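The chain contents come next:
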Amino acid sequence: MSVNRCLYLLPRLQRHISPRTARITAAGCQASAGSSLLHRQHQAGSVVCSRNVSSNNSSPKPPDTSLFVPVSLKADSLVDGDVGAELTQPLDKNELLKLMNRFYKRKEMQMLAADSGLDARLFHQAFISFRKYKMLCHIDDIYPYFLRHAKQIFPMLDCMDDLRKISDLRVPANWYPEARAIQRKVIFHAGPTNSGKTYHAIQRYLTAKSGVYCGPLKLLAHEIFEKSNTAGVACDLVTGEERTFVDLDSRPAAHVACTIEMCNVTTKYEVAVIDEIQMIRDSSRGWAWTRALLGLCAEEIHVCGEPAAIDFVRELMYTTGEEMEVNTYKRLTPITVLDQAVESLDNLSPGDCIVCFSKNDIYSISRQIEARGKECAVIYGSLPPGTKLSQAKKFNDPDDPCKILVATDAIGMGLNLSIKRIIFNSLVKPNTNEKGEKQMETISTSQALQIAGRAGRSVSRFPLSSPGVLKVSTNHFNFSWLCVFIFPPLSQTAGLHPTAEQIEMFAYHLPDATLSNLIEIFVSLSQVDGMYFVCNIDDFKFLADMIQHIPLNLRSRYVFCTAPINRKQLFVCTSFLKFARQFSRDEPLTFDWICRHIHWPLPPPKNIKDLVHLEAVHDVLDLYLWLSYRFMDMFPDTVMVRAIQQKLDQIIQEGVRNITRLIRATDPPITDLLQKQSKRRNKTVGSKSPKGKKGDRKEKESSLAYRLIKDGLLTPHLLQELQKEWFKDQVQDSTNQSTLDPEGNKEKEGKV
C-alpha cells in the first residue's frame, strides 16, 4: 500500500484502533513519507545545483505569488465519498475549526508548505479555501489533504519548473538560429546628430543587391523609401499600417524600408541598416532593436547611433560570436550653447524653434507668439505624418511668412528642418519608468542631444546654431548643458518582450488564466542576465483587461493587445473595444461600418476640442489599417479607409494652420465667465457673494473654462493669457468709441 494511501485512510481508522497503535502507525507512515520527501528533495537539489552551475551560479528567481489567482473548485471534487460519517458520526464543526486553526499556526506545516512552493501568501489563501471543507484527522495528517487542495486551486504549483523554463530569457541570441547560421559583419556608424552617420550606411544599402532599412518612425522609413526609388533602386515600404510595393504585381522588391517592429528576421539580405540603436534601452520599444540586432539575417549589419552605445553593442555582439567595426563621424556644422536664456518671446528671431513637452504648452506659446504679430508653425506627436510634413515645409520655405516653429520633442527624429536656434521652454517632461510608473523628470542627455542637434543641420539655411532655454527658473539648464557634449555612458541594458509563442505555451499549463495574468506571471518568473530587461507591459495589460470579457482565441487576443494605441484617448479605446467585439462575432468591419462609427464625413474643427477629436479619429483609422494587415478578411476595405484618412489629414492640416484662431474661438460661456471675473475683481475684498461658497463652486465646476482645464485642453496659464487679451481688447474698444463721432469718423484733435 502506498504512503499517500496510508495517510489517506489513517484519519478514518483512528477511532477504531487504540491510541497507541494509532500513534505508532501515524509515526511510521510519516517517517516513510518524510524519507520519501527527503529523497525527492535531494534529487531536486541535485538538479537545481546542476542548473545553477550552468547558469553562472544564479538561483531561479522566486515567483511573484501575488499574481497567482486561485481556481474555483466544487466541494464534491475534493471529498472521496462521506466515509467518515459512515464509520463514525457527523463532525463537530467547532472542534474541526479549532483543529484547522492549530494546523494553520503550526510552524512545521508552514515550512513543509514552503518546500512545496506555497509561500506565506499562497499558504494563507489555500488554507482559507481548504477550511471550507470538513475532514477529521490528526493535526499532522491534515497536510497531505491541504497540499492536494492547494495544488488544485493553484495549478501552477505542479508545473513551476516548466513555467520557469519557458520564461528563461537569459540567452536571447539563441532565439534566432537563421542569424546564428551565418557569420555576419557588424559595422557601427557612431556620431552626433547631423554627422552623416546614417548617410554613409544608406550609401552602402543602395549599392547592395538586397537590403533592409529599419527605422524608429514611419516618416524615416518613408524618407528612405522615396530616396531609394528616386536613386533608381526599387524599394518597398512596410510599416504597421501600410504596405507599398513598387512592383505592379505586388512582388516584393530586393530592398525594403520598414519601421523596426516590422522587420523580417527570416528573410536573407546582403545589407541591413538599424537606425537609432540607442533606443535599444527604451522601456517600451527597446525589444524591437534587440530583435533586429540579434536576429536579422544579413551579411552586413550597419548600426547607426550615439557613440555612448558602442561598448554596449560590442558586448552584445560577443554573445553572438561576431566582431564589430566602428566608424566615427564628427558633426558637419558647428553648434554652440547660448550664454544666457532668451527670457522673453519678444526676443525671438527667424529660424527659432521653441521646444515644449506638452500639448498645452504648444497651444499657449503659439497663441502668445501670434499675439505679437508673428506667424508660427506647430508640430507635436499626435499630429498625422502628413500634417507634420506640411508644417515642416511651411517653416522651411524662405518665402513663407512663418519664421518660428513651436514643437515637442517629436522633431528629434524624422523631419528635416531649417532651424537656427533651439530654445527649450522646459527641461522637464512626463515619463514612464521601467516599472510603468508615471513621473516628471529632467530630460536625459541623449534626448537633449537629439533635440538640440536639429539646429543648424547641413540642409539648413542656418549653418551656425545655438541651443538654449526660454527662461531659467531652476538649475536643470546648467546641469543638462554641462553634459551635452560629454556623451555619458549609455544604460547598459537591452529590452526584451514575451512572444506570442511563449504566452501560448504558458496558457497550455494555465488554461484558466487571463491573458493579462499570463503575461504578469511570465514577467514575474522571467530570468534575464544583466544585459537585458523585460520591457514595460502596462499598455499590453491595459488592452488585455479591456477586452477580457470578449470571446477571442488566445492568438487573436494577443495580436489585438499589441496594437499601438494611446490609452489616454478615450475615443480610440472605445473604438478598439468595438473593433474587438465586432471581430469576435465574425462580422467583417466594412467601410460603411467604420464611416458610421466615426460619423464620416467630418466638418472642419471650430475649436481646439474639435481638433483633438479629429486627431483621435485619425488614430482610429490607423488602428483599422494596422489590424487590416493582420486580419485581412475581417478588415477588408483598406483602400477606401486610407482614402478618407488622407482627406482627414487635409482637414487637420487646415485646422493646425489656423490653430491660434481655434484657440481664440471660444464659446459665449467663456466670455461670460471673463465678464463675471472682471466684475468680481471690481468688488471690495470684504463683500460676500449672494450664492455663498457652495454656489460659487457649483458655478465654477459647470463653466466651460473649468471643463476645458479639467480635460487638459486649456491650461490655467493659457486661460490667464486669454483673460488679459480680452480685457485689453475691451479697453481698446472703449478707447476707440470715445474717439469716434456717431457717424464713425475721428473727432477733431483737442476735443474732449
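Given the structure is predicted, the values throughout are model-derived calculations rather than measurements.

Asker: Describe in detail the overall build of the chain, supporting the description with residues and values.
Answerer: What the chain contains, in helices and strands, is 30 helices and 17 strands. By residue count, 47% of the 752 residues in the chain fall in the buried class. Here the contacts in the chain between residues at least 6 apart in sequence split such that 75% fall between residues at least 24 apart. Counting every atom, the chain has about 38,400 Å² of accessible surface; 54% of that belongs to carbon and sulfur.

Asker: How would you explain the packing of aromatic side chains if you had to name every residue and give the values?
Answerer: Per the counting criterion, the structure on display carries twelve aromatic pairs. Taking 5.6 Å as the distance between ring centres and 25° as the angle between the ring planes, the aromatic pair formed by phenylalanine 560 and phenylalanine 631 counts as stacked. Taken together, the residues phenylalanine 560 in helix α21 (residues 554-561) and phenylalanine 631 in the loop between α24 (608-628) and α25 (638-657) connect sequence positions 71 residues apart. By the burial criterion, phenylalanine 560 is buried, and phenylalanine 631 matches it. Geometrically, the ring pair formed by phenylalanine 579 and tryptophan 593 is tilted, given 5.7 Å between the ring centres and 55° between the ring planes. With phenylalanine 579 in helix α22 (residues 570-584) and tryptophan 593 in helix α23 (residues 591-598), this residue pair connects regions lying 14 residues apart in the sequence. For the pair phenylalanine 579 and tryptophan 593, one class covers both residues: buried. These aromatic residues form a ring-pair network of at least three members: Phe560, Phe576, Phe583 and Phe631.

Asker: How would you explain the nonpolar core if you had to name every residue and give the values?
Answerer: One finds Ile277, Ile547, Phe560, Phe579, Ile594 and Phe635 to be the most contacted residues of the largest nonpolar core, which totals 163 residues. Per element, the largest residue contribution to this core is twelve residues, and it comes from α24. Those residues within four positions of isoleucine 277 in sequence are excluded, and the remaining contacts are Phe188, Trp289, Leu293, Val303, Cys304, Gly305, Ala309 and Val313. Among the nonpolar cores identified, the runner-up in size contains 22 residues, and Val355, Ile379, Ala392 and Ile422 belong to it.

Asker: Tell me what's going on with the side chain of histidine 189, and back it up with residues and numbers.
Answerer: Along the chain, histidine 189 falls in strand β1 (residues 185-190). On the accessibility criterion, histidine 189 (4% relative accessible area) is buried. Side-chain polar atoms of histidine 189 contact the side chain of histidine 302, separated by 2.9 Å. Once residues within four sequence positions are removed from consideration, histidine 189 is found in contact with Lys197, His200, Ala201, His302, Val303, Cys304, Gly305, Asn327 and Tyr329.

Asker: Give me the lowdown on α23, citing residues and values where you can.
Answerer: Across the eight residues of α23, six count as buried, placing the element largely inside the fold. Within the span of α23, buried status applies to Phe591, Trp593, Ile594, Cys595, His597 and Ile598. Buried residues along α23 sit against α22, α24 and α25. Backbone geometry just after α23 places histidine 599 at a positive phi near 60°.

Asker: Describe the packing of helix α20 (residues 538-546) against α22, and please don't skip the residues or the numbers.
Answerer: In the contact formed by α20 and α22, the axes pass within 10 Å of each other and the chain directions differ by 55°. Taken together, the axes of α20 and α22 are oblique relative to one another. For the pair α20 and α22, the crossing hand works out as right-handed. Together, Phe542, Leu543 and Met546 of α20 and Cys573, Phe576 and Leu577 of α22 make up the contact between the two elements.

Asker: Account for the sheet that holds strand β8 (residues 324-328), naming residues and giving values.
Answerer: Judged by pairing direction, the sheet is mixed, and its eight strands sit side by side in the order β4-β3-β5-β2-β6-β7-β1-β8 without closing on themselves. Only two strands of the sheet have a single partner each, and these edge strands are β4 (243-244) and β8. Pairing of strand β2 (residues 211-215) with strand β5 (residues 255-259) involves five bridges; the strand directions are parallel. Paired with glycine 211 across the two strands is histidine 255, which belongs to β5. Of the strands in this sheet, β1, β2, β3 (235-238), β5, β6 (268-274) and β7 (297-305) touch helix α10 (residues 197-207), which is tilted by about 160° from β7.

Asker: Quick rundown of the packing of α22 against α23? Include the residues and the values.
Answerer: Put simply, α22 and α23 touch, their axes get as near as 12 Å, and they point 150° apart. Judged on the interaxial angle alone, α23 and α22 are roughly antiparallel. Viewed along their axes, α22 and α23 form a crossing whose handedness is right-handed. Residues Phe571, Ser575, Lys578, Phe579 and Gln582 of α22 pack against Trp593, Ile594, His597 and Ile598 of α23. Of the residues belonging to the contact of α22 with α23, the class tally is five nonpolar, three polar and one charged.

Asker: Quick one: what's the story with the pattern of salt bridges, residue by residue and with numbers?
Answerer: Enumeration over the complete set of coordinates arrives at 25 salt bridges. Its salt-bridge partner being glutamate 322, residue arginine 180 comes within 3.8 Å of it at the nearest N-O pair. Placement of arginine 180 in helix α9 (residues 177-180) and of glutamate 322 in the loop between α13 (310-320) and β8 is noted, with a sequence separation of 142 residues between them. Residue arginine 180 is classed as partly exposed on the basis of its relative accessible area, which comes to 25%. Between arginine 372 and aspartate 346 there is a salt bridge, with its nearest N and O atoms 2.6 Å apart. A residue pair is termed long-range when its members are at least 10 positions apart, and arginine 372 in the loop between α14 (359-371) and β10 (376-379) and aspartate 346 in the loop between β8 and β9 (352-355) qualify at 26 residues. By relative accessible area, which is 51% here, aspartate 346 ends up exposed. Residues participating in the shared-partner salt-bridge network are Arg180, Arg184 and Glu322.

Procedures and definitions
- Residues numbered from 1 in each chain as written.
- Predicted model: local features only at pLDDT ≥ 70, side-chain atom pairs only at ≥ 80, totals over all residues.
- Heavy atoms only, no water.
- Helix = DSSP H or I, 4+ residues; strand = E, 2+ residues; numbered from the N terminus.
- Buried < 20%, exposed > 50% of the residue type's maximum accessible area, 1.4 Å probe, protein only.
- Contact = heavy atoms within 4.5 Å.
- Areas by Shrake-Rupley, 256 points an atom, 1.4 Å probe, with all protein chains shown as cover.
- Phe/Tyr/Trp six-rings, centres within 6.5 Å; stacked < 30°, edge-to-face > 60°.
- Core = buried A, V, L, I, M, F, W, Y, C linked by side-chain atoms within 4.5 Å.
- Polar contact = N/O pair within 3.5 Å; in protein donor to acceptor, adjacent residues only side chain to side chain.
- Axes fitted to C-alpha atoms, helices over the stretch in contact; angles between N-to-C directions.
- Parallel < 35°, antiparallel > 145°, perpendicular 65-115°, else oblique.
- Left-handed = near helix turned anticlockwise from the far one by under 90°.
- Pairing = 2+ DSSP bridges.
- Nonpolar A, V, L, I, M, F, W, Y, C, P; charged D, E, K, R; others polar.
- Salt bridge = Lys/Arg side-chain N within 4 Å of Asp/Glu carboxyl O.

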